[in-house]
There are 2 protein chains.
Amino acid sequence: MPQQKWVIKNGTFVVLQDEKTLVKGYMVIEGDQITYIGEEEPQLEEGIEVLDGNNLLFMPGLVNTHGHTAMSLLRGYGDDLALQVWLEDKMWPMEGKFTAQDVYWGTSLSVVEMLKGGTTTFLDMYDHMDQVANVTEQSGMRAVLTRGVIGLCPPDVQKSKLDEAVAFARDWHGKADGRITTMISPHAPYTCPPDFIEKFVQASIDLNIPMHTHMSETRAEVEQNVKDYGVRPVEHLRKLGVFSRPCLVAHGVHLNDEEIQILADHGVAVSHNPGSNLKLASGIARVPELLKAGVTVSLGTDGPASNNNLDMFEEMRLAALIHKGVSGDPTAIPAAEAFRLGTEYGARSLFLDQVGTLAEGMKADFIALNTDQAHFLPRTDFISHVIYSASAKDVEHVWVDGKQIVKNGSCLTMDEEKIRSEAQRSFEQLLAR
Amino acid sequence: MPQQKWVIKNGTFVVLQDEKTLVKGYMVIEGDQITYIGEEEPQLEEGIEVLDGNNLLFMPGLVNTHGHTAMSLLRGYGDDLALQVWLEDKMWPMEGKFTAQDVYWGTSLSVVEMLKGGTTTFLDMYDHMDQVANVTEQSGMRAVLTRGVIGLCPPDVQKSKLDEAVAFARDWHGKADGRITTMISPHAPYTCPPDFIEKFVQASIDLNIPMHTHMSETRAEVEQNVKDYGVRPVEHLRKLGVFSRPCLVAHGVHLNDEEIQILADHGVAVSHNPGSNLKLASGIARVPELLKAGVTVSLGTDGPASNNNLDMFEEMRLAALIHKGVSGDPTAIPAAEAFRLGTEYGARSLFLDQVGTLAEGMKADFIALNTDQAHFLPRTDFISHVIYSASAKDVEHVWVDGKQIVKNGSCLTMDEEKIRSEAQRSFEQLLAR
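Computed from a prediction, not measured in an experiment: that's the story for all the values here. (Residues numbered from 1 in each chain as written. Chains lettered and ligands numbered in written order. Predicted model: local features only at pLDDT ≥ 70, side-chain atom pairs only at ≥ 80, totals over all residues. Heavy atoms only, no water.)

**Focus on the UniProt feature "binding site: substrate" (unreviewed entry) in chain A**
Residues and elements named next belong to chain A. The UniProt feature table records "binding site: substrate" (unreviewed entry) at Glu95, Arg147, His187, Glu217 and Asp302. Relative to the helices and strands, Glu95 is located in helix α1 (residues 83-95). Residues within four places of Glu95 in sequence aside, it is in contact with Met71, Leu74 and Tyr126. For His187, a relative accessible area of 16% corresponds to the buried category. Setting aside chain neighbours within four positions, we find His187 in contact with Met125, Val149, Ile150, Cys192, Thr213 and His214. Separated by 2.8 Å, the side chains of His187 and Thr191 make a polar contact. (UniProt positions renumbered as here; feature names shortened; annotations may be inferred. Helix = DSSP H or I, 4+ residues; strand = E, 2+ residues; numbered from the N terminus. Contact = heavy atoms within 4.5 Å. Buried < 20%, exposed > 50% of the residue type's maximum accessible area, 1.4 Å probe, protein only. Polar contact = N/O pair within 3.5 Å; in protein donor to acceptor, adjacent residues only side chain to side chain.)

Rendered as C-alpha cells:
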C-alpha cells in the first residue's frame with residue numbers, strides 16, 4: 001500500500017527551535033511521518049488531501065511521563081485526606097479488588113480523556129498491563145507500558161510478579177506498529193527489597209529496555225530509606241545499578257544538591273508531577289535546579305485519583321507557575337521551557353527519539369488547538385497562550401502516527417459513550433464487591 | 001408584566017449547606033429569583049417551561065473578586081519577566097495609550113471569556129469605568145465596579161481623579177436592574193499618599209459604599225511602607241480609617257499573625273489571587289491562616305496579563321492545591337472550602353447578600369456544567385470533580401438574574417465574533433500608536 005500523503009495549509013506550527021518558535025505555512029504528512037514543514041508552498045500532486053489550518057495552532061502531542069491510568073475509576077473517591085489514610089482506607093482496599101476488566105475500563109476512560117485533551121503519548125505503570133496494552137492498541141495512542149511491581153511479599157510471589165513483568169515487557173515491546181514500547185519497574189525503593197531491585201536491573205539489561213520507578217516522593221520515604229539502608233534513595237538506587245541503565249524516575253521531590261548532581265551525571269530523567277505532589281502535600285520538586293544541572297525533566301499527571309484530571313496543559317501551567325511563586329523569581333521556568341517539559345523533554349524521558357517536536361523526519365504525532373477564542377487573543381505569543389491560558393478542551397484535532405484519532409473534539413477510535421457507562425458500572429461494582 | 005416562572009427537573013444542584021452538598025430534583029425560578037429547590041416535585045401551572053437537567057450539574061455562578069479586565073488586550077504581551085521590567089517596559093507604556101474604546105473592547109473580550117467560563121459576578125478596578133459599566137449592562141453580567149485611582153500626581157490631578165471616581169460610583173450604583181454596584185478605590189498604599197487615602201475613606205462614608213484597594217502584594221512593597229511610614233501596610237490602612245469601612249483588599253500575600261488578626265477584627269475581606277501571585281512571583285498568601293482567623297477570603301483572577309486567563313475553576317483548584325503543597329498538610333483547603341472561596345465567600349467579599357449560593361430567595365445567578373464527560377466520572381463526589389477536575393469549558397449554560405446569558409456554550413448577549421476581531425484590532429492599534 002502506498003503511504004498516504006496529505007498537507008495542511010494556512011497553519012501555524014509550533015517548532016520551538018533556537019530562536020524560531022512558529023512557522024506559518026505548510027506541513028506535509030506521508031504515512032506516519034512529517035516530511036515537510038515550512039513557509040514555502042510545497043510541490044504537491046494533483047488531488048492531494050488538504051486541511052485548511054486557519055485558526056488552528058498545530059503543536060506536538062503532549063507526553064505524559066508518569067501515571068496509573070486505571071485509577072480513574074477512583075477519581076473523587078477520596079480527597080483531602082492525610083496520605084496514609086487515603087492509601088490505607090481508600091485506595092488500597094479498592095485497588096485490591098480491581099479485576100482485569102476494571103483495568104480495561106478505567107484505562108479506556110483515561111485514554112479517551114488524554115486523547116481528547118491532546119496527549120498523544122503516555123507512560124503507564126500498573127497491574128493487568130495486557131489490558132492497558134489492548135486499550136492502547138485499539139485507541140491508536142502511543143504508550144510506554146510497564147508492570148509496576150511491589151516486592152513486599154514472599155520470594156515465590158516476587159518471582160512470579162517479576163516473571164510476569166518480564167513477559168509483558170518482552171511480548172509487547174514494539175507492538176501496535178511500534179506505538180508500544182516497554183520498561184521494567186520495581187515500584188519504589190521502599191516497596192522493593194534491594195536484592196529484588198537488582199533482579200530488575202538484570203532484566204533491564206537482558207531485555208535491553210529502560211527502567212522506571214518512583215523515587216523520593218515524600219520526606220518520610222527519604223527518612224525511612226536512610227533508616228533502613230543508611231543512605232538516601234538516590235545513592236541507594238545508584239548502588240543497586242539502577243542508574244547504570246537508561247532510567248526515568250517519577251517525582252524526585254526531595255533531592256539535595258548532591259543527589260541532583262548524581263542524577264545529572266548518570267543521565268537519569270525525572271518525571272515531575274506537580275498536580276499530584278501538591279494535592280498529596282508531598283512538596284515541591286526542585287525543578288529549576290534540576291534543569292540547571294542538565295537533568296531531563298518532563299511532566300506526568302500521576303494517577304487520576306491524585307490529580308484529579310489528565311489535563312497536561314494544566315501540568316505545564318503548574319510547572320510554569322509554582323516554581324516562580326516558590327522561588328520568588330518570575331523568570332523561573334518560562335513558557336517555552338514549560339512547553340518543552342510537556343513535549344520534547346517528555347519524549348526524551350521516555351527514550352522516544354521520533355516524537356515530541358514538529359520537524360521533518362519526526363513521527364506525525366501532533367494536535368491542533370482552536371485559537372479563535374477569547375482566551376487566545378490578542379495574537380501576541382502563542383507559546384504563552386498555550387502555557388498560561390489554554391486547557392485540554394481547546395484541542396480540536398489529534399493525530400498519532402499520521403492517523404487522525406480525534407476530530408472536532410470527538411474520539412474516532414473509541415466508543416466514548418460505552419466507555420463512560422462501563423467505567424461508572426465498574427466503580428459501582430467495586431463498591432458493592 | 002408578570003414574573004416569568006420556569007422549572008428545572010432531573011437536575012443535580014450544589015447547595016453546600018451544613019452536611020448536605022447536593023440536591024437531586026427540582027429548582028423553580030421566578031423572574032430574577034430562585035423560589036424553590038428540592039427533591040419533591042413542586043406544584044406547577046400547566047404549560048410552564050421545563051428544562052431537563054439530566055447530565056447537568058447546577059451550581060452558583062462563580063464570583064471573581066479582583067481584576068482589571070481591559071488588560072486582556074495585553075495578554076501574552078509580556079511574560080516571565082521581573083516585575084519592574086514587566087510593569088515599566090511592557091504594561092505601563094501600553095496602558096498609558098489605552099483609550100475609552102480600548103477599554104470597551106478589552107472588557108468585552110474578558111466579559112465573554114468570564115461568562116462562558118461560568119463567572120456571573122466580577123469586580124473590576126480600572127480606568128474609563130463608564131465603558132466597563134456599559135459592557136456590564138449590555139452583557140447581562142453582575143459586577144462591582146470601581147475606578148482605581150493612582151495618586152502619584154499634583155493635587156489638582158488628584159482632585160479630578162477622585163471627583164471622577166466619586167461621580168462614577170454615585171452614577172452607576174444600583175444601575176442595570178441592580179446588577180451594578182460600586183466601590184471606591186485608592187489603588188494601593190504605595191501609590192496614594194496618606195491624606196489622599198483619607199479622602200477616599202470620606203467618600204466611602206458619604207456614598208455609603210465599600211472600599212477596595214491592593215495591599216501587601218509583594219515583600220518589597222511591605223518593606224517600602226515601613227520605610228516611608230514606619231508601619232506595615234495593614235497598620236497604615238487601619239490608622240487611615242480604611243478598615244472602619246466595609247472593605248475588600250486584594251492579594252494580602254505578605255501578612256504576619258498580628259496583621260491577620262487586625263483584618264479579622266475589622267471584618268476586612270481578602271481577595272486571594274493565586275494564579276497572578278504565582279506568575280508574578282509575589283509569593284503565596286497565608287490562606288489557611290486567614291480562614292482560621294475568621295477572615296472572609298475569596299478568589300480573583302487579577303488582570304488577564306498576569307494570569308493569563310479568567311478561568312475561576314483554575315483559581316479554585318490552585319487555592320485547593322498550592323496551600324496543601326506548601327504547608328505539607330493534604331487536608332488544607334478541602335474541595336468544599338475551595339468551592340466556597342469561589343462562590344459564597346466571593347459574594348460576601350463583595351457585600352452582595354443575594355448571590356453566591358443556590359437557595360430559595362436568592363438571585364437566580366447560576367451555571368450548569370456538562371457532567372457527561374470522562375473527567376466527571378465516576379460519579380463519586382461532584383464537589384471534588386468541580387474543584388480538582390473541571391475547567392471553564394465544562395460550562396454549558398449560564399443564567400444571571402434569572403435570564404439565560406450563555407446557552408450551549410454560546411453567549412446570547414454579546415457579538416463574540418465582532419468582539420474578538422475588535423479586540424485584536426485594538427491591540428494592533430496600540431502597538432502602532
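What follows picks up the thread again.
**A closer look at the interface of chain B and chain A**
Listed by partner, the interface residues are 55 residues for chain B and 55 residues for chain A. Interface area for chain B against chain A, summed over the two sides, is near 4600 Å², with a carbon-plus-sulfur share of 59%. Contact with chain A buries area across many residues of chain B, yet Asp80(B), Lys393(B) and Arg420(B) alone supply 14% of it, more than any other trio. Scanning the region where chain B abuts chain A turns up eight salt bridges. Residue Lys324(B) pairs with Asp80(A) through a salt bridge whose shortest N-O separation is 3.2 Å. Run the count over chain B and chain A and you get 35 residue pairs in polar contact (both at pLDDT 80 or more). Elements supplying a minimum of two residues to the side of chain B that touches chain A: α2 (100-116), α9 (274-279), α11 (312-327), α14 (382-388) and α15 (416-432) of chain B. Here the element with the most residues in the side of chain B that touches chain A is α11(B); it accounts for eight residues. (Buried area = accessible area lost by both parts, 1.4 Å probe. Salt bridge = Lys/Arg side-chain N within 4 Å of Asp/Glu carboxyl O.)

**Overview of the relation of the copies chain B and chain A**
Note on the identical chains: chain B maps onto chain A by a rotation of 180° and an axial translation of 0.0 Å, with an RMSD of 0.0 Å. Each copy turns onto its partner about a two-fold axis. No C-alpha of chain B lies nearer the rotation axis than that of Lys393(B), which sits 3.3 Å from it. When you check the interface residues of chain B against chain A, 100% turn up at the interface there too, and the contact is symmetric in its surfaces. (Least-squares fit on C-alpha atoms with pLDDT ≥ 70 in both.)

**Some points on the UniProt feature "domain: Amidohydrolase-related" (unreviewed entry) in chain A**
The UniProt entry lists residues 59-404 of chain A under the feature "domain: Amidohydrolase-related" (unreviewed entry), expressed in the numbering used here. Counting secondary structure, residues 59-404 of chain A comes out at 43% helix and 16% strand; the distance between its end C-alpha atoms is 14 Å.

**Side note on the domain arrangement of chain A**
Frequently, the measure chosen for interface size is the accessible area removed from exposure when the parts meet. All names here are of chain A. Domain annotation of chain A identifies domain 1 (5-60 + 355-411) and domain 2 (62-349). The distance between the C-alpha centroids of domain 1 and domain 2 comes to 29 Å. Considering only the surface of domain 1 that becomes buried against domain 2, Leu16, Ile387 and Tyr388 emerge as the three largest contributors, covering 26% of it. Across the domain 1-domain 2 interface, the total number found is two salt bridges. The residue Arg142 makes a salt bridge to Asp401 at a minimum N-O spacing of 2.8 Å. Seen at the junction of domain 1 and domain 2, the total is seven residue pairs in polar contact (both at pLDDT 80 or more). If you list the elements that add at least two residues to the side of domain 1 that touches domain 2, you get β1 (5-17), β5 (56-60), β15 (366-370), α14 (382-388), β16 (395-400) and β17 (403-407). Ranked by the residues each element gives to the side of domain 1 that touches domain 2, the list is headed by α14, at five residues. Here the side of domain 1 that touches domain 2 is composed, by residue class, of 20 nonpolar, six polar and three charged. (Domains from an automatic or database assignment. Nonpolar A, V, L, I, M, F, W, Y, C, P; charged D, E, K, R; others polar.)

**Re the packing of aromatic side chains**
Residues and elements named next belong to chain A. Going through the model one piece at a time under the given rule, you end up with 21 aromatic pairs over all chains. Taken together, Trp6, Phe13, Phe58, Phe366 and Trp399 form an aromatic cluster joined through their ring pairs. Stacked on the ring of Tyr77, the Lys or Arg Lys90 has its end atom at 4.6 Å from the ring centre. (Phe/Tyr/Trp six-rings, centres within 6.5 Å; stacked < 30°, edge-to-face > 60°. Lys NZ or Arg CZ within 6 Å of the ring centre and 35° of its normal.)

**Side note on the pairing of strand β3 (residues 33-38) of chain B**
All names here are of chain B. Strand direction decides the pairing type here: strand β2 (residues 20-30) and β3, joined by five bridges, are antiparallel. By the bridge assignment for β3, Val28 is matched with Tyr36. In this structure, the hairpin formed by β2 and β3 is closed by a connection of two residues, where Gly31 is found at a positive phi of approximately 60°. (Pairing = 2+ DSSP bridges.)

**Here we look at helix α3 (residues 129-139) of chain B**
All names here are of chain B. Of all the positions in α3, only Met129, Gln131, Val132, Ala133, Val135, Thr136 and Ser139 are classed as buried. Elements in contact with the buried residues of α3: α2, β7 (119-126), β8 (142-149), α4 (155-172), β9 (180-182) and β17 (403-407). Just beyond α3, the residue with positive phi is Gly140, at close to 85°.

**So, the packing of α2(B) against α3(B)**
All names here are of chain B. Remark: α2 packs on α3, axes separated minimally by 8 Å, with the N-to-C direction vectors making an angle of 35°. For the crossing formed where α2 meets α3, the hand is right-handed. Contact residues: Ala100, Val103, Tyr104, Thr107, Ser108, Val111 and Leu115 in α2; Gln131, Val132, Val135, Gln138 and Ser139 in α3. Of the residues belonging to the contact of α2 with α3, the class tally is seven nonpolar, five polar and no charged. (Axes fitted to C-alpha atoms, helices over the stretch in contact; angles between N-to-C directions. Left-handed = near helix turned anticlockwise from the far one by under 90°.)

**Describing the side chain of His397(B)**
Residue and element names in this part refer to chain B. Inspection of the secondary structure assignment puts His397 in strand β16 (residues 395-400). Judged by its relative accessible area of 9%, His397 falls in the buried class. A distance of 3.3 Å separates a polar atom in the side chain of His397 from a polar atom in the side chain of Gln404.

**A word on the pattern of salt bridges**
Following the criterion strictly, the structure yields 50 salt bridges over all chains and no others. Between Asp372(A) and Arg420(B) there is a salt bridge, with its nearest N and O atoms 3.0 Å apart. Here Asp372(A), found in the loop between β15 and α14, pairs with Arg420(B), found in helix α15, and the two come from separate chains. On the basis of relative accessible area, Arg420(B) is assigned to the buried category, the value being 15%.

**Some words on the nonpolar core**
Core analysis: the biggest nonpolar cluster contains 223 residues, and Phe243(A) and Phe243(B) have the highest contact counts within it. Once residues within four sequence positions are removed from consideration, Phe243(B) is found in contact with Met215(B), Val234(B), Leu237(B), Arg238(B), Val249(B), Ile262(B), Leu263(B), His266(B) and Val268(B). (Core = buried A, V, L, I, M, F, W, Y, C linked by side-chain atoms within 4.5 Å.)

**Some words on unusual backbone geometry**
A negative phi angle characterises most non-glycine residues, just as the trans form characterises most peptide bonds. Residues and elements named next belong to chain A. Backbone torsion omega between Asn307 and Asn308 reads 5°, so that peptide bond is classified as cis. In this fold, Asn308 is placed in the loop between β14 (297-299) and α11 (312-327). The backbone of His128 shows a phi angle near 50°, a positive value even though the residue is not glycine. A residue is classified by how much of its surface remains accessible, and His128, at 29% relative accessible area, is partly exposed.

**Here we look at the side chain of Ser349(B)**
All names here are of chain B. Within the fold, Ser349 resides in helix α13 (residues 344-349). Classification of Ser349 by relative accessible area gives buried; the value is 0%. Here Tyr345 takes part through its backbone oxygen, which lies 2.8 Å from a polar atom of the side chain of Ser349. Aside from chain neighbours lying at most four places away, what touches Ser349 is Thr65, Met183, Leu248, Ala269, Thr296, Val297 and Ser298.

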